[in-house]
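An overview of the molecular structure
Read off the chains here:
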Amino acid sequence: MAEQTVPQCTCGGGAEPEGGTKRIIFACAGASKAGQLSNEAAVQLTKEGYGNIACTASLAVSTPSIKKKVEAADEVIVIDGCPVGCARQIAERAGIAPDQEIVVTDLGIEKGGGLDLSEEDVETVVSAAWEGKGRSKTENERRPSGGCGCDGGGCC
Amino acid sequence: MVLVEVFGTGCAKCGRMIKNVEIAVRELKIDAEIRKIESLDAMIERGVMLTPALYVDGEAKVVGHVPCVEDIKQILLGEK
C-alpha cells in the first residue's frame, strides 16, 4: 500500500478507522413524533459516521444476523422516543446493556403533535448522541415513571 | 490558558468535535483558546494524518474519532 501523504478524514458511512469504536444504534421508531425522530436521528448518525443503524424489530425476535452485529459492536446505542423505553427494554431482554440511551422527550421535545419532523429536532437528538448525553443516565433515571406521556396517539 | 486545537476538513465529524469541545470548555468554565484548523498544509506540518483530531497544548489527545463531552472534559482536566 502506498504511504499516506495527506490527512484522511474518518467521515462517512459509519466507517471507523482501524481500532475505532464500532457502534450499533437501535431506535424505537415508535408511532409518534418522538418515536419517528428516534429513527430519523439514527439514520442521520449513521450518515455522519457515528455508528450503524440496526433493526430493533430483528433484535426483538433475536435473528442470527442481529446477534452477530451486536457481538461485533463495541458500543450499543439506544434511542427511545419516550420514557417507556421500548428499544431499551428490547435490548435488555436480548441480554444487552446499552452503553448510551437517548430519550427524545428528555431533550425537551414533545412526544406528540403530528408526524412532521423538524430539522432542528433531529439535530437536537443527533447532537445528544455525539455529546454522550445518554451515558450519564442512571438505571433509576431510565425507568418509566408510570406513564408514557402518550397524548392519545396510540403509540403503546 | 489552555490551547485546544481541532484539526478537521469541515466535515460532519469535525463539526461535532468543535461543538463538543465548546460545550466542554463552557461547562468547565476554564480559560481556553479553541482553534479550528482546516488547512491540509497545517495538518501535514503538525503530523496530523487522520481527522478529526484534538490537540491540547500541542499534544495529540484524540485522533480519528469524536470524543463525547465528558471525555473531552477529562482530557482538559488532565485526567486522560
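Scroll up to find the structure this text is about.
First, a word on scope: everything that follows refers to the structure included in this document. Please read all numbers here as calculations on a predicted model, not as lab measurements.

Once that is clear, we can look at the interface of chain A and chain B. Every contact between the two is made by 18 residues of chain A and, on the other side, 21 residues of chain B. Residue assignment for the side of chain A that touches chain B shows that the elements contributing at least two residues are strand 1 (8–9) and helix 5 (119–131) of chain A. Among the residues making up the side of chain A that touches chain B, the classes are represented as six nonpolar, eight polar and four charged. Where strand 1 of chain A meets strand 3 (residues 50–51) of chain B, two bridges bridge the pair, whose relative direction is parallel. The residue bridging C9 of chain A from the neighbouring strand is T51 of chain B, located in strand 3 of chain B.

Moving on, we come to the sheet that holds strand 5 (residues 100–103) of chain A. Residues and elements named next belong to chain A. Spatially, the four strands line up as an open sheet ordered 3-2-4-5, and their pairing is parallel. Of all strands in the sheet, those with a lone pairing partner are strand 3 (52–54) and strand 5, marking the two edges. When the angles between neighbouring strand axes are averaged without regard to direction, this sheet yields 25 degrees. With five bridges joining them, strand 2 (residues 23–27) and strand 4 (residues 75–80) adopt parallel strand pairing. Looking at strand 4, one finds that I25 is bridged to I77. Those strands touched by helix 4 (residues 86–93) are strand 2, strand 4 and strand 5, and its axis lies near 145 degrees from that of strand 4.

This next bit is on unusual backbone geometry. Residue and element names in this part refer to chain B. Cis rather than trans, the peptide bond between T51 and P52 has omega equal to 0 degrees. Following the sequence through the fold, P52 ends up in the loop between strand 3 and strand 4 (53–56). Although it is not a glycine, K29 sits at a positive phi angle of roughly 55 degrees. Tracing the sequence through the fold places K29 in the loop between helix 1 (12–28) and strand 2 (32–37).

This paragraph deals with helix 1 (residues 33–47) of chain A. All names here are of chain A. With 15 residues, helix 1 should reach 21 Å at 1.5 Å per residue; the first-to-last C-alpha distance of 21 Å fits that figure. Those residues of helix 1 lying buried are K33, A34, G35, Q36, L37, S38, A41, A42 and L45. Contacts from the buried residues of helix 1 go to strand 2, strand 3, strand 4 and helix 5. Just past helix 1, the residue G49 takes up positive phi, approximately 85 degrees.

Let's shift gears to helix 3 (residues 69–76) of chain B. Residue pairs spaced three or four apart in an α-helix point in one direction, given the helix's 3.6 residues per turn. Burial in helix 3 of chain B covers these residues: V69, I72 and L76 of chain B. On an axial view of helix 3 of chain B, the arc spanned by its buried residues comes to 60 degrees, and they lie on one face. On its buried face, helix 3 of chain B is in contact with helix 5 of chain A together with strand 1 (2–7), helix 1 and strand 4 of chain B. A positive backbone phi angle near 75 degrees is found at G78 of chain B, which sits one or two residues after helix 3 of chain B.

About the cut-offs
- Residues numbered from 1 in each chain as written.
- Chains lettered and ligands numbered in written order.
- Predicted model: local features only at pLDDT ≥ 70, side-chain atom pairs only at ≥ 80, totals over all residues.
- Contact = placed C-beta atoms within 7 Å.
- Helix = DSSP H or I, 4+ residues; strand = E, 2+ residues; numbered from the N terminus.
- Nonpolar A, V, L, I, M, F, W, Y, C, P; charged D, E, K, R; others polar.
- Pairing = 2+ DSSP bridges.
- Axes fitted to C-alpha atoms, helices over the stretch in contact; angles between N-to-C directions.
- Expected span 1.5 Å × (residues − 1).
- Buried ≥ 20, exposed ≤ 12 C-beta atoms within 10 Å, placed from the backbone.
- Arc of directions from axis to C-beta.

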